[in-house]
Amino acid sequence: MGRRYAAGSCGLEGLMGEDGVQVPARVLLLESVNRLRVAETMLQNRARARMGLKANDFQTVQFLAAREAGGFPARAADLAEALGVSSAAATMTIDRLAARGFAAREPDPNDRRSRIVRLTPAVARSVG
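The rules we used
- Residues numbered from 1 in each chain as written.
- Predicted model: local features only at pLDDT ≥ 70, side-chain atom pairs only at ≥ 80, totals over all residues.
- Heavy atoms only, no water.
- Helix = DSSP H or I, 4+ residues; strand = E, 2+ residues; numbered from the N terminus.
- Buried < 20%, exposed > 50% of the residue type's maximum accessible area, 1.4 Å probe, protein only.
- Contact = heavy atoms within 4.5 Å.
- Areas by Shrake-Rupley, 256 points an atom, 1.4 Å probe, with all protein chains shown as cover.
- Pairing = 2+ DSSP bridges.
- Salt bridge = Lys/Arg side-chain N within 4 Å of Asp/Glu carboxyl O.
- Axes fitted to C-alpha atoms, helices over the stretch in contact; angles between N-to-C directions.
- Parallel < 35°, antiparallel > 145°, perpendicular 65-115°, else oblique.
- Left-handed = near helix turned anticlockwise from the far one by under 90°.
- Nonpolar A, V, L, I, M, F, W, Y, C, P; charged D, E, K, R; others polar.
- Core = buried A, V, L, I, M, F, W, Y, C linked by side-chain atoms within 4.5 Å.

Undergrad: How would you explain the overall build of the protein if you had to name every residue and give the values?
TA: When you go through the protein residue by residue, the secondary structure sums to five helices and four strands. Taken from N to C terminus, the helices and strands of the protein fall in the order β-β-α-α-α-α-β-β-α. Residues classed as buried in the protein amount to 25% of the 128 residues present. Long-range pairs, those at least 24 residues apart, make up 33% of the contacts in the protein between residues at least 6 apart in sequence. With an accessible surface of roughly 8,800 Å², the protein has 57% of that area assigned to carbon and sulfur atoms.

This is the structure in C-alpha cells:
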C-alpha cells in the first residue's frame, strides 16, 4: 500500500516514481498529511477505547491536559469555545467526566462565580 519511489531527486520538484513518472511535491505532501491523519485517528481511537470515552469526552480530556500543561486554567466557557459547542453541552460533558472521576471542579481564585476544571491526578498522569 502506498507509493514507492526510486532513489534520486528529493527536492521541491518532487520524486521520480518507480514507473519513471515524476510525482509532484504537493502530491507527496498531501499523501503524507493523510497518512498522519490516519495514524492520529488510530491512536486516538485506541486511547478512547482504553479510557472508555466518547469522542467529545476524549476531546475534553485532551483539551484539559493541554491547558494544564501550558499552565492555563480551563473553565466550561473555554471548553465550549474550543470545541464549538454550547455552554450547556460543555457543562454536560464536564458533568459526565466528573461523575466518572476523570475531572474535578475547583473554585476560581480570581472569580468567585467561576469554577476551574482540571483532570484528576490519575487521569492527568495517564494522559501526560
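Undergrad: Hey, could you go over the pairing of strand β3 (residues 103-108) for me, with residue numbers and the actual values?
TA: As paired elements, β3 and strand β4 (residues 111-119) share six bridges and run antiparallel to each other. Residue pairing for β4: D108 is matched across the bridge by D111. From the end of β3 to the start of β4, which pair antiparallel, there are two residues.

Undergrad: Quick one: what's the story with helix α3 (residues 76-83), residue by residue and with numbers?
TA: Taken together, the buried positions of α3 are occupied by D78, L79 and A80. On its buried face, α3 is in contact with α2 (55-69) and α4 (87-99). Positive backbone phi, approximately 70°, marks G84, located one or two places after α3.

Undergrad: If you had to explain the pattern of salt bridges to someone new, which residues and values would you point to?
TA: Applying the stated rule across the entire model yields eight salt bridges. Of the charged contacts, one joins R96 and D57 as a salt bridge, the two residues approaching to 2.7 Å between their closest N and O atoms. Of this pair, R96 sits in helix α4 while D57 is found in helix α2, placing the two residues 39 residues apart along the sequence. Residue R96 is classed as partly exposed on the basis of its relative accessible area, which comes to 34%. The exposure class assigned to D57 is buried, which follows from its relative accessible area of 5%.

Undergrad: An account of the packing of α3 against α4 is needed here, citing residue identities and associated values.
TA: Between α3 and α4, whose axes approach to 8 Å, the crossing angle comes to 110°. Considering the angle they form, α3 stands roughly perpendicular to α4. Crossing of α3 against α4: the hand is right-handed. Each of A76, L79 and A80 in α3 lies in contact with α4, whose residues at this interface are S87, A90, T91 and I94. Across the contact of α3 with α4, the residue classes tally to five nonpolar, two polar and no charged.

Undergrad: Which residues make up the nonpolar core, and what values do they have?
TA: Taken as a class, soluble globular proteins show a tendency for nonpolar side chains to be buried jointly. With 18 residues, the main nonpolar core has M51, L53, V61, L64, L97, F102 and V123 as its most contacted residues. When contributions to this core are tallied by element, the ones reaching two or more residues are α1 (25-51), α2, α3, α4 and β4. With residues up to four places along the chain from it excluded, the contact list for V123 reads M51, V61, G101 and F102.

Undergrad: Help me get a handle on the packing of α1 against α2, residues and values and all.
TA: The interhelical angle for the contact between α1 and α2, taken along N-to-C directions, is 100°, at an axis separation of 10 Å. By the angle between their axes, α1 is roughly perpendicular relative to α2. Where α1 approaches α2, its residues Q44, A47, R48 and M51 are matched on the opposing element by A55, F58, V61 and Q62. A class-by-class count of the residues in the contact of α1 with α2 yields five nonpolar, two polar and one charged.

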